[in-house]
Amino acid sequence: MTTVSPFARSSAFEDSRVGMREQTIEEMYSVPESFLEIEVRNPQTHGFGRKMYTDYEIVCKTNIPAFKLRHSLVRRRYSDFEAFRDILERESTRVNIPPLPGKVFTNRFSDEVIESRREGLERFLSVVAGHPLLQTGSKVLCAFLQDPAWDKSQWL
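Numbering of residues begins from 1 in every chain and follows the order in which that chain's sequence is written. Restriction of local features to residues with pLDDT of at least 70 applies here, the model being predicted, together with a cutoff of 80 or more for giving and counting side-chain atom pairs; totals for whole chains, interfaces and linings are based on all residues. Side-chain measures here rest on the full set of heavy atoms in the structure, leaving out hydrogens and waters.

Draft legend 1. Focus on the overall build of the protein chain. Each helix and strand in the protein chain was counted, giving six helices and three strands. Helices (α) and strands (β) of the protein chain occur, in sequence order from the N terminus, as α-α-β-β-β-α-α-α-α. The contacts in the protein chain between residues at least 6 apart in sequence include a share of 57% that link residues at least 24 apart. Accessible area of the protein chain: about 10900 Å², with a carbon and sulfur share of 53%. A run of H or I in DSSP counts as a helix once it spans at least four residues, and a run of E counts as a strand once it spans at least two, with each numbered from the N terminus. Two residues form a contact once any of their heavy atoms are found within 4.5 Å. Calculation of accessible area relied on Shrake-Rupley with a 1.4 Å probe; when residues are assessed, cover is drawn exclusively from the protein chains displayed.

If you want it as structure tokens, here you go:
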């Protein structure tokens, strides 16, 4: 019995490519039809003692029509993310909203904790903002990502 590697070229594959044409350079390197890039970066800690908090810069680049701006930059703190997630859950009953990175009670201003939270917040936003039902049906999504004056009290 002869074993065929799953990576071996088959004549069926070769035959199916006969009607296909090669991509042009423009097609390979042009901007995709729709794209969404979200980066959470540049955490900054403010205040002293019990009034300390860290906020994060959110950079959003997109050409998706639901977003009002192609490029935006806003700052949000963790409590803003918590309020945003709660609002999304109430607004979007058909979509399962992923959890935020957990709350931290000790060493919350250490570089490791801040970086771990930044990564978790970026993952959260990428999943939420990339969801097609939320892109078209959520009123709070674009405001949270793009409005520097976003205030959770407007949505509660």
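Draft legend 2. Quick look at the environment of V104. Structurally, V104 is set in the loop between α3 (78-91) and α4 (111-130). The class of V104 is partly exposed, set by a relative accessible area of 25%. Sequence separation of V104 and I114 is ten residues, and the distance between their C-alpha atoms is 9.7 Å. Not counting the four nearest positions on each side in its chain, V104 is found in contact with V113 and R117. The rule is simple: take the accessible area with a 1.4 Å probe, protein chains only, and divide by the maximum for that residue type; under 20% is buried, over 50% is exposed, in between is partly exposed.

Draft legend 3. Focus on the sheet that holds strand β3 (residues 71-77). With respect to topology, three strands assemble into an open sheet ordered β1-β2-β3, the strand pairing being antiparallel. The two strands at the open ends of the sheet, each matched to only one other strand, are β1 (36-46) and β3. Strand-to-strand twist across the sheet, computed as the mean angle between neighbouring axes with direction ignored, equals 20 degrees. Strands pair, by our definition, only if DSSP identifies at least two bridges between them. Summarising the sheet, β1 and strand β2 (residues 53-62) pair through nine bridges and their orientation is antiparallel. Angular values range over 0 to 180 degrees, each being the angle between N-to-C directions of two axes fitted as lines to C-alpha atoms, with helices fitted over their stretch in contact.

Draft legend 4. Just the pairing of β2, in detail. For β2, the buried fraction is high: eight of the ten residues fall into the buried class. Bridge count between β2 and β3: seven bridges; the pairing is antiparallel. The residue of β3 that forms the bridge with Y56 is R76.

Draft legend 5. Region of the structure containing the side chain of D55. Of note, D55 is situated in strand β2. In protein, a polar contact means a hydrogen-donor-capable atom and an acceptor-capable atom, both N or O and within 3.5 Å, with residues adjacent in sequence counting only if both atoms are side-chain atoms; elsewhere, any N or O pair within 3.5 Å suffices. A polar side-chain atom of D55 sits 3.1 Å from a polar atom in the side chain of H46. Sequence-distant contacts of D55, defined by excluding residues within four places in its chain, comprise N42, P43, Q44, H46, R75, R76 and R77.

Draft legend 6. Quick look at α4. Every helix has an expected span of 1.5 Å times one less than the residues it contains. Compared with the 28 Å implied by 1.5 Å per residue over 20 residues, the 28 Å span of α4 between its first and last C-alpha is a close match. Within the sequence span of α4, burial applies to I114, R117, R118, G120, L121, F124, L125, V128 and A129. The elements touched by buried residues of α4 are β1, β2, α3, α5 (132-137) and α6 (140-146).

Draft legend 7. Focus on the state of the cysteines. The definition used for a disulfide is geometric: two cysteine sulfur atoms within 2.5 Å. This structure, assessed with the given rule, holds zero disulfides. Considering cysteine sulfurs only, C60 is the nearest to C142, which forms no disulfide, with 7.9 Å between them.

Draft legend 8. The packing of α3 against α4, seen in detail. Direction vectors running N to C along α3 and α4 enclose 25 degrees, while the axes themselves pass 12 Å from each other. The pairing of α3 with α4 is recorded here as roughly parallel in orientation. Judged by the twist between their axes, the crossing of α3 over α4 is left-handed. Touching Y78, F81, F84, R85 and L88 of α3 are R117, L121, F124, L125 and V128, all from α4. All amino acids are sorted into three groups, where Ala, Val, Leu, Ile, Met, Phe, Trp, Tyr, Cys and Pro are nonpolar, Asp, Glu, Lys and Arg are charged, and the leftover types, Gly among them, are polar. When grouped by side-chain class, the residues that make up the contact of α3 with α4 number eight nonpolar, no polar and two charged. Reported orientations rely on four angle classes, namely roughly parallel under 35 degrees, roughly antiparallel over 145, roughly perpendicular from 65 to 115, and oblique for the rest. The sense of a crossing depends on the near helix, which, turned anticlockwise from the far helix by less than a right angle, makes the crossing left-handed and, turned clockwise, makes it right-handed.

Draft legend 9. Looking closely at the packing of aromatic side chains. Only Phe, Tyr and Trp rings are paired, with Trp represented by its six-membered ring, and only when their centres lie within 6.5 Å; those with planes under 30 degrees apart are stacked, over 60 edge-to-face, the remainder tilted. Per the counting criterion, the structure on display carries four aromatic pairs. A centroid spacing of 5.2 Å and a plane angle of 75 degrees characterise the contact between F81 and F144, whose relative ring orientation is edge-to-face. Note that F81 is positioned in helix α3 and F144 in helix α6, a separation of 63 residues in sequence. You can call F81 buried: its relative accessible area is 0%. Judged by its relative accessible area of 0%, F144 is buried. Both rings, one in F84 and one in F144, keep their centres 4.1 Å apart while their planes meet at 5 degrees; by these two values the pair is stacked. Highlighted residues: F84 in helix α3 and F144 in helix α6, separated in sequence by 60 residues. The positively charged end of R117 is found above the aromatic ring belonging to Y78, 3.7 Å away from the centroid. Lysine and arginine charges are scored as sitting over a ring when NZ or CZ, respectively, is within 6 Å of the ring centre and within 35 degrees of the ring normal.

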